[in-house]
Amino acid sequence: KGMMFFATFLDGKMGYTGENENYAYGTFNGIAKTLSIEFGQQTFVKLMDFQPDVTPDRMVALMDEELHIHDVWPEIGRTNDGRRWTATGFFTDAKVAENRCPYNSDDVILVTGGSRGVTSKCLMALMEKAPCKVAILGRAAIKSEHMDDEETAKIPDLKEMKTLIARRFKAEGYKGPFSTIEKKAKSILDQRDMLNTFSTLEKISCTVRYYACNVNNRADLAKTMEQIRQELGQVRGIIHGAGLLADCKIWNKDMTRFRAVLDTKYAGLNNILSCVD
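My aim in this report is to walk through the structure given alongside it, one point at a time. Keep in mind that what you see is a predicted model, and the values were worked out from it rather than measured.

## Here we look at the packing of helix α6 (residues 218-231) against helix α7 (residues 255-275)
Where α6 contacts α7, the axes come no closer than 10 Å and their chain directions differ by 45 degrees. Relative to α7, the element α6 lies oblique. Between α6 and α7 the crossing geometry is right-handed. Along the contact surface, α6 presents Arg-218, Leu-221, Ala-222, Met-225 and Arg-229, while α7 presents Asn-271, Ile-272, Ser-274 and Cys-275. Class assignment of the residues belonging to the contact of α6 with α7 gives a composition of five nonpolar, two polar and two charged.

In structure tokens:
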């Protein structure tokens, strides 16, 4: 059985006291919890958070002690007094302050990745409180070949759509890879979701414009931002929901996929901020 230790030095309580705001350590908590799930019983994975002034001898002693504690917690805190800290969830009554939206109908909100999925749900909730102008950025252009027809419009999910597209391709004599069929089916469903989002937003009195733009391409983004300023006005708010999925087990990840996922979020946001006052 393997063993893997992570050590961070926030406050001995996994950062919950707020005494040491070195947020980079938080990434190790995420990796440790992910590995503990992916390895399962094959490997003993533990993250220990120490107080920053812990001595090497004290740290080694606490780590040795932790080796003999087998519980469900992949992350724990150990303070210099020897106490052991874990994070426990509990229910409490919600306490919400007055929820005022700072936007009005003339304001422009820039949304990346907002045409589908969870970002579109968040956007709709916001617009129900304060309908305004929305500029949605997405990588995919709206294409006529991905529009629903009478037959595809009746199909709700990817599995059925792939079956239909495969049948059509076969009738046309197509003998290409299955991935082309799946891509076509997914494009039809994705574009349908996009158009439904735009329609819903317009029904609640929003002005909606969609711009095909890759946030990782700064030159393309700068050009698009200028177009938004001319057509809608100055951007007042940003919702950065653009993302790329490349899910796999950690040991199967490579830097190419890692960078593609990270850049869309991190480099993409920096590009946006450099183009918006």
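The structure having been displayed, the exposition proceeds.
## Observations regarding the sheet that holds strand β2 (residues 43-50)
Here four strands make up an open sheet; going across it, the order is β1-β2-β3-β4 and the pairing mixed. The sheet is open, and its two edges are formed by β1 (2-8) and β4 (84-85), each paired on a single side. One ladder, built from two bridges, connects strand β3 (residues 75-78) with β4; its direction is antiparallel. Within β4, the residue paired with Arg-78 across the bridge is Arg-84.

## Considering the packing of aromatic side chains
By the definition in use, this model includes seven aromatic pairs. Ring centres of Phe-198 and Tyr-210 lie 5.4 Å apart, and the angle between their planes is 40 degrees; this geometry places the pair in the tilted category. Here Phe-198 is found in helix α5 (residues 178-203), whereas its partner Tyr-210 is found in strand β7 (residues 207-212), with twelve residues between them in sequence. Both residues of the pair, Phe-198 and Tyr-210, belong to the buried class. Taken together, the ring pairs connect Phe-9, Tyr-25 and Phe-50 into an aromatic cluster. Its guanidinium or amino end placed over the ring of Trp-85, Lys-13 lies 4.0 Å from that ring's centre, counting from NZ or CZ.

Definitions and cut-offs
Residues numbered from 1 in each chain as written. Predicted model: local features only at pLDDT ≥ 70, side-chain atom pairs only at ≥ 80, totals over all residues. Heavy atoms only, no water. Axes fitted to C-alpha atoms, helices over the stretch in contact; angles between N-to-C directions. Helix = DSSP H or I, 4+ residues; strand = E, 2+ residues; numbered from the N terminus. Parallel < 35°, antiparallel > 145°, perpendicular 65-115°, else oblique. Left-handed = near helix turned anticlockwise from the far one by under 90°. Contact = heavy atoms within 4.5 Å. Nonpolar A, V, L, I, M, F, W, Y, C, P; charged D, E, K, R; others polar. Pairing = 2+ DSSP bridges. Phe/Tyr/Trp six-rings, centres within 6.5 Å; stacked < 30°, edge-to-face > 60°. Buried < 20%, exposed > 50% of the residue type's maximum accessible area, 1.4 Å probe, protein only. Lys NZ or Arg CZ within 6 Å of the ring centre and 35° of its normal.

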